[in-house]
Each structure stands twice: as structure tokens, then as C-alpha cells.
Amino acid sequence: METETERKTTVADEVDGVLAELFLTPDGLRDPYPRYERIQELTAVHHTALGHWVVTGYDDVNAFLRSQHALKDPYRVFAPWVGKDDWQDHAALRRLPNIMLWANPPDHTRLRKLAGFAFTNRAVQAMRPQVTEMVERLADKLEREGSLDYMKDFAFPLPAMATGRMLGIPDADLPSLQGPMRAFQDIYELGLTPEDLAECDKGAQFTDDYFSALVEERRKSPGDDLLSALIAAKDGEDKLSQGELIGMCNLLFGAGFETTTNLLGNGMLALLRHPDQMDRLRADLSLVPGAVEEMLRYDSPTQLGNRVTDGPVEIAGVEIPVGSSVVALVGAAHRDPRRYPDPTRFDVTRADAPVLSFSSGIHYCLGASLARMEAQIAFTTLLRRFPGLRFDGEDTVVFRPRLTLRGVESLPIAID
């Protein structure tokens, strides 16, 4: 008969195997959800063979992300791929200490206060007419051509233009920034190879150079844009440094287009694969705001968050000790049957379904309301204008081979 110790060892070995599939295999990256389900069946909190902790349940992930002892520490997170002594050799890593995403209080509090004015509800709603005009213009292209790659021709340009306009980036520069920004953002993926890191560095250096030049241009000739406002922003005698300004530009633009692009892509794919839900939404467009929340839940553009503990944190009756590296699986939390009835079902009428796609606690995304607004306007417009919206070859849909920032690479659509 198997002892309790042997049973726990067997379970731990299976969870480690499922996690390896999840992070390191094409099938796991393409469809992580069966792996999440299996992990949740086996355990709520897991200490991996590599020394990391993994949390999967909705309440547990939410509580952990809100814990005052769950801190950002890029040096610990990236330790498996580069030593701290080599940190300055990599443009992608050098950027991280200067951006709000990886800061802790009091630095995080200071940076968020200096940037927060741009993302008040009033400021975001003031952008609604511009976003609506952008969406209509992109929809006009679909109407003219009859078919297009939704990702390339709609889901990337919309948030890039919206965030770019906020920062004062000329529209003509946006296409040249997409590749380098995406290359840098691969830094957030687990299991980086030296070759991957080299590509991240190339992307980071390109965007650092671009925003450095743009900052200097706005210092000399301020405009009516967010970057000019950030340069002038003060809290008493405190201002953003040059490195912080460049880091803020990278963060706001990168998060603004990547997360929202993935929301638009994953959401459209869910609708196309569930035509009954698309029809239901088209019949009652007042459901769109709730449907966007369901898109965020069903196939989140952000699948995980990394933290390091500076004090013991108890999760599901397990104490995670000081100094632990923890992966909070947001994508798994969104399929937790204890929080969401029938969680594998895509339901645009689902109610009371709060999501963690924009994180939780002090690191809740500043641009969440802007991303939601863009998605709501986009889906309302497309469903209203195109009753014959359909796949233009479902077998050609391609996901990027990434998990942390999960999104579709190519999604051909057509209208009848």
C-alpha cells in the first residue's frame, strides 16, 4: 500500500511533468488549459523540483497578488537565465529596474503617482471619440477589401494608434516599433534561451534609442501629448529621470498595444469559434461590456505573474517561506470551477465574473480602463457593421509560441 509520503511524491512528480508540458512544449503553449485543469485537480499550491512555487486557484492567486509580502524582483525572476553580474550586458534587463512594472513601494508608489493622471476615468473617456474614429477607419478597410488578417490589419493598429497618440508617437513610426517591442516583451517568458535573450536585447535597444530621441525632441518642443506631460510632471521637487521616462514610454506603449492586441485577437477567436455566442451578442450589443470581461477570463492575454516573497505567505493552508519565487497562474485561476460555474464554457452573458488579467493589488494595470474601452468599441462596431463576419480559413489561425503574454499571431477573417 502506498504511504502518504509516497502519494505526495507521486503527485508532485506528476505536477512537475504537467508544468514542463505547459511551459516547454508546443502543445502546452498552444493550449494550456487542459494542463491548468489537471494541476488544479492535483493540488492548490505546488513547490516545483526547480524550487519555484506555483499557485493556481482564483481566490489564492488573487490573495497572493494582493499580499504585501509578494514583491517584484527581476534579479530573482531572471536568475535562471543570467547572473546578476552579467545584468548590465543586456539591454532588455537593464531596462527593468527603471519601469513601474518591476518596482516596489516606495518607488512604485512614486512612479504610479507621477503617471496616474493620464489614466483617470475622465482622461480615458475623453479619448472615446478618437478611438471610435480609429475603429471605424479600420472597419472601412475590411469593408473595402472583404478579407484581411485581423491581427495585422486591426488588432495591432488600433491599440498602437491609441497609445501612440497618447504618447505623441507619429502614426508613421508605429509599424517599425511593433517587431522590436514584441521582441523585447519575450523577456517575460519562462525558459529563455541565450538566443532568445539576444533577440530581446536587440528589441530593447531599438526602442530605447527611439524613445530617447523622442524624449529629447519633446524637451525642446513640448506638445499636447502624454510624453510632454510626463516630462513636466512633478510631485513637489520630484520628477521622472531620463531613464524612468524612457522606461515609462516603453512600458505604456508596450503594455498598451500588446495586452490589448491579445485581448482583441483572443476575443475575436472565441467569438468565431462560438458562433452562437457571436449571434447572441450581435442581437443585443448592450452585452458587449460583459462579453469583453468573459473574453478576458476565457483566454486571458496575460496568463501569469511572477513575484518573490519578503515574508511568509500562507496560501490554501500552505506557508510559502520568505525568499520564495512564486508563479501565479492567472490563466488557471480564470478556469477555477470554484469561482466560475462551467468554466470551460464561453458565455457572453456570464455574470459576476471578475478577472485578474490586469493583475490585482498595487500592480493593477493603469491602462485597464483604456484597454476595455478599445475592445468594447471594436467589438460593438464590427458586430454592428458586419453580420457576415467569419473565418477566412480557420486552419490558418496561429498562436504565438508564448505563455506569459498569450495571443494570436495570425487570424484571417472575411465578410460575406
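Residues numbered from 1 in each chain as written. Predicted model: local features only at pLDDT ≥ 70, side-chain atom pairs only at ≥ 80, totals over all residues. Heavy atoms only, no water.

**What about the side chain of H334?**
This is how it is decided: We count a stretch as a helix when DSSP gives it H or I for four or more residues in a row; a strand needs E for two or more, and each element gets its number in order from the N terminus. Relative accessible area decides the class of each residue, using a 1.4 Å probe on protein chains only: under 20% of the type maximum gives buried, over 50% gives exposed, and in between gives partly exposed. Contacts between residues were defined by any pair of non-hydrogen atoms, one from each residue, lying within 4.5 Å.
Looking at the secondary structure, you find H334 in the loop between α18 (330-333) and α19 (368-385). The class for H334 is buried, based on a relative accessible area of 0%. Here H334 is in contact with L296, R297, S300, Y340, V355, L356 and S357, once residues within four sequence places are set aside.

**Comments concerning the sheet that holds strand β12 (residues 412-414)**
Strand-to-strand pairing in sheets goes through backbone hydrogen bonds, with the strands running parallel or antiparallel. Threshold: A pair of strands is treated as paired once DSSP finds two or more bridges between them.
Ordered in space as β4-β12-β9, the 3 strands form an open sheet in which the pairing is antiparallel. Here the strands that pair on one side only, and so sit at the sheet edges, are β4 (147-149) and β9 (390-391).

**Points about the sheet that holds strand β2 (residues 53-55)**
Stated precisely, the cut-off is as follows: An axis is simply a line fitted to the C-alpha atoms; with a helix, the fit covers only the stretch in contact. Between two such axes, the angle follows the N-to-C directions and lies from 0 to 180 degrees.
In spatial order, the strands read β1-β2-β8-β5-β3; together these 5 strands make up an open sheet with mixed pairing. Each having just a single partner strand, β1 (45-47) and β3 (70-71) make up the two edges of the open sheet. Here 5 bridges tie strand β5 (residues 304-309) to strand β8 (residues 325-329), and the two strands are oriented antiparallel to one another. Across the sheet, N306 pairs through a bridge with V327, a residue of β8. In the packing of helix α4 (residues 58-66) onto the sheet, contacts are made with β2, β3, β5 and β8, and the angle to β8 comes to roughly 135°.

**Points about the nonpolar core**
In plain terms, the rule: Definition of nonpolar core: a set of buried residues of the types Ala, Val, Leu, Ile, Met, Phe, Trp, Tyr and Cys, connected through side-chain atoms within 4.5 Å.
Ranked by size, the top nonpolar core spans 106 residues in total, and within it Y150, I187, F253, F379 and L411 carry the most contacts. The dominant element in this core, judged by the number of residues it contributes, is helix α15 (residues 242-273), at 15 residues. Contacts of I187, omitting those with residues within four sequence positions, involve F78, A92, L93, L192, L197 and C200. Core analysis: the next-biggest nonpolar cluster, separate from the first, contains 18 residues, L65, V326, A333 and L356 among them.

**Quick word on empty space enclosed by the protein**
Going by this rule: Each cavity reported here is a set of points on a 1 Å grid over the protein atoms alone in which a 1.4 Å probe fits but cannot get out, each pocket an open set with protein on both sides within 12 Å along at least five of seven lines, and each lining residue one with an atom within 4 Å of a point. Grid points are joined across faces, edges and corners, and a volume is the space filled by probe spheres set on the points.
Counted by the stated rule, this structure contains 1 cavity of 30 Å³ or more. Along the wall of the largest cavity there are 47 residues; nearest its centre are L101, L251, A255, T259 and C365. Where the lining of the largest cavity is concerned, the elements lending two or more residues are α7 (107-115), α11 (157-167), α12 (174-185), α15, β5 and α19. The element that contributes the greatest number of residues to the lining of the largest cavity is α15, accounting for 9 residues.

**Description of the side chain of N62**
With respect to the helices and strands, the residue N62 is situated in helix α4. N62 sits in the buried class, given a relative accessible area of 18%. Among all residues touching N62, those that are not within four sequence positions of it are L356 and S360.

**Examining the pattern of salt bridges**
Stated formally: Each salt bridge in this description consists of a side-chain nitrogen of Lys or Arg and a carboxyl oxygen of Asp or Glu lying within 4 Å of one another.
One pass over the full model with this rule turns up 34 salt bridges. Its salt-bridge partner being E133, residue R137 comes within 3.0 Å of it at the nearest N-O pair. Of the two residues, R137 and E133 are both situated in helix α9 (residues 128-145); the distance of 4 residues between them amounts to about one turn of the helix. A salt bridge links D171 to R165; its shortest N-O distance comes to 3.0 Å. Classification of D171 by relative accessible area gives partly exposed; the value is 34%. R165 sits in the partly exposed class, given a relative accessible area of 30%. Taken together, the shared-partner salt bridges in this structure form one network comprising R182, D186, E258, R400, R402 and E409.

**Side note on unusual backbone geometry**
With an omega of 5°, the peptide bond between P105 and P106 qualifies as cis. Structurally, the position occupied by P106 is in the loop between α6 (91-95) and α7. Despite not being glycine, A316 shows a phi value in the positive range, around 50°. Looking at the secondary structure, you find A316 in the loop between β6 (313-315) and β7 (318-320). Relative accessible area serves as the criterion here: at 48%, A316 is assigned to the partly exposed category. Phi at S359 is positive, roughly 70°, even though this residue is not glycine.

**Focus on the confidence of the model for the chain**
This is how it is decided: Scored from 0 to 100, pLDDT reflects the predictor's confidence in each residue.
Per-residue confidence for the chain gives a mean pLDDT of 91, with 97% of residues at or over 70. When pLDDT is averaged over each element of the chain, helix α17 (residues 288-298) comes out on top at 98 and helix α5 (residues 74-77) at the bottom at 80.

**Comments concerning the environment of A233**
For A233, the location among the structural elements is in the loop between α14 (226-232) and α15. Counting along the chain gives 111 residues from A233 to T344, while the straight-line C-alpha distance between them is 45 Å. Once residues lying within four places of it in the same chain are set aside, the contact partners of A233 are L114, F117, D238 and K239.

**Looking at the packing of α9 against α19**
Here is the rule we go by: In these notes the angle categories are as follows: under 35 degrees is roughly parallel, over 145 is roughly antiparallel, 65 to 115 is roughly perpendicular, and the rest is oblique. Crossing handedness: left-handed means the near helix sits turned counterclockwise from the far one by under a right angle, and right-handed means the same turn made clockwise. Gly counts as polar in this scheme, as do all residues outside two lists: the nonpolar Ala, Val, Leu, Ile, Met, Phe, Trp, Tyr, Cys and Pro, and the charged Asp, Glu, Lys and Arg.
Here α9 crosses α19 at 40°, and the two axes come no closer than 10 Å. Between α9 and α19, the crossing angle belongs to the class labelled oblique. Crossing angle aside, the handedness with which α9 passes α19 is right-handed. For the pair α9 and α19, contact is made by R128, V131, T132, V135, E136, A139, D140, L142 and E143 and by M373, E374, I377, A378, T381, L382, R384 and R385, respectively. Of the residues in the contact of α9 with α19, the class split is 8 nonpolar, 2 polar and 7 charged.

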